[in-house]
Amino acid sequence: MKRVLAVVGPTACGKTRRGVALARALGGEIVSADSRQVYRRMDVGTGKDLADYGDDVPYHLIDIAEPGSKYNLFQFLRDCRAAVDDIAARGRMPIIVGGTGMYVETYLKGIRLPEVPENADLRASLAGKSLEELTAMLAAMKRLHNSTDVDTCARAVRAIEIERYYMDHPELAADTRGGDPVPALVVGIDIDRESRRARISERLRSRLDRQDMLAEVEGLIASGVDPEALIYYGLEYKFLTLHVLGRMSRADMERELEIAIHQFAKRQMTWFRGMERRGFPIHWLPYDMPESEFVDAVKALMA
């Protein structure tokens, strides 16, 4: 028996809707594997689509952290294990849904990470270094599998901090290489490049023009959230914050953001293809498959 079901795929492919359909059909509950949906009041930019869950599909790991904080892989693994154990103990099906491939794969590998504390002295020594300098330092410490580690200076500093901690505590670093894999069926939402790009562009227009994503960012800043923290989150929050701060025009913001989301989706697919090479079979099903057929196909795979 598979312990969990995972639904993965690039942004804008319809993962949430598919996951909810499976939860209704299988008596399941959703565990979000999205690195930004954990933050409260960050709804439009993260695409939570909470209305899709209705009143009958419970979800976990959404709206569990305050905006401005930095939720990380250690916290996700801890919280995901707790949620899956709780769901399974109640006789329900845990369904992990999300596009943060590193979260999904690390959990399925059964890896347990030590909590890495902040290193004030190290941070002080890195202050003022350029992103290029920080990236070079990190590349000298490890192979850069995840480009989001060096999206911003803050992320690069944190990545260096983690690697330095492991270097200073090799006995803890050794623990991250093992683990008992989680029995899981992984289903991928397969969407061709042109359809994916069209859906991304249409969704961005909707979020900017109809859902007022800009007002969400303005509200977060007005409530006291540090703009640099929003920039740290990347994508929508990075570019809209730069626009709100007057560092980028509206036209430039929209153009650069759209390009960044397309690039992000491509990186997501690169990660999932890598997952397959690393021993995690992903059963790809068409994004435009009728819902009933999709559910039946997953049931067949589970059987």
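Scroll up to find the structure.
Just so it is clear, the structure is predicted and the values come from calculations on it, not from any experiment.

**Q** Break down the environment of Val38 for me, with residues and values.
**A** Examined against the element boundaries, Val38 turns out to sit in the loop between β2 (28-32) and β3 (59-60). A relative accessible area of 2% places Val38 in the buried class. Linking Val38 and Asp63, residues 25 residues apart in sequence, is a C-alpha distance of 4.7 Å. Excluding residues within four positions of it along the chain, Val38 makes contact with Leu61, Ile62, Asp63, Ile64, Ala65 and Tyr71.

**Q** Mind laying out the sheet that holds strand β6 (residues 283-286), listing which residues take part and the relevant values?
**A** Across the sheet, which stays open at both edges, the six strands sit in the order β3-β2-β4-β1-β5-β6 with parallel pairing between neighbours. In the strand order of this sheet, the two ends are held by β3 and β6, each with one partner. As judged from the four bridges shared by strand β5 (residues 184-190) and β6, these two strands associate in the parallel manner. Across the sheet, Gly188 pairs through a bridge with Trp284, a residue of β6. Lying on the sheet, helix α3 (residues 101-108) is in contact with β1 (4-8), β4 (93-97) and β5; it crosses β1 at an angle near 160°. Sitting on the sheet, helix α13 (residues 291-302) touches β1, β4, β5 and β6, and the angle it makes with β5 is about 150°.

**Q** Got a sec to walk through the environment of Gly188? Specific residues and values, please.
**A** With respect to the element layout, Gly188 can be found in strand β5. In this structure, the C-alpha to C-alpha distance between Gly188 and Lys15, residues 173 residues apart in sequence, is 8.6 Å. Each residue touching Gly188, except ones within four places of it in the same chain, is listed here: Val8, Ile282, His283, Trp284 and Leu285.

**Q** Lay out the pattern of salt bridges in plain terms, naming residues and giving numbers.
**A** Inspection of the entire model under this criterion finds 26 salt bridges. Its salt-bridge partner being Arg90, residue Glu29 comes within 2.7 Å of it at the nearest N-O pair. Here Glu29, found in strand β2, pairs with Arg90, found in the loop between α2 (73-89) and β4; they are 61 residues apart in sequence, far enough to count as distant. Glu29 gets classed as buried once you look at its relative accessible area, which sits at 3%. Ionic pairing is found between Glu161 and Arg158, a salt bridge with its closest N-O pair at 2.6 Å. Within this pair, Glu161 and its partner Arg158 are both found in helix α6 (residues 153-168), separated by three residues, close to a single helical turn. Given the relative accessible area of 2%, Glu161 is considered buried.

Criteria and cut-off values
Residues numbered from 1 in each chain as written. Predicted model: local features only at pLDDT ≥ 70, side-chain atom pairs only at ≥ 80, totals over all residues. Heavy atoms only, no water. Helix = DSSP H or I, 4+ residues; strand = E, 2+ residues; numbered from the N terminus. Buried < 20%, exposed > 50% of the residue type's maximum accessible area, 1.4 Å probe, protein only. Contact = heavy atoms within 4.5 Å. Pairing = 2+ DSSP bridges. Axes fitted to C-alpha atoms, helices over the stretch in contact; angles between N-to-C directions. Salt bridge = Lys/Arg side-chain N within 4 Å of Asp/Glu carboxyl O.

All quantities given are derived from atomic positions and should not be read as evidence of function.
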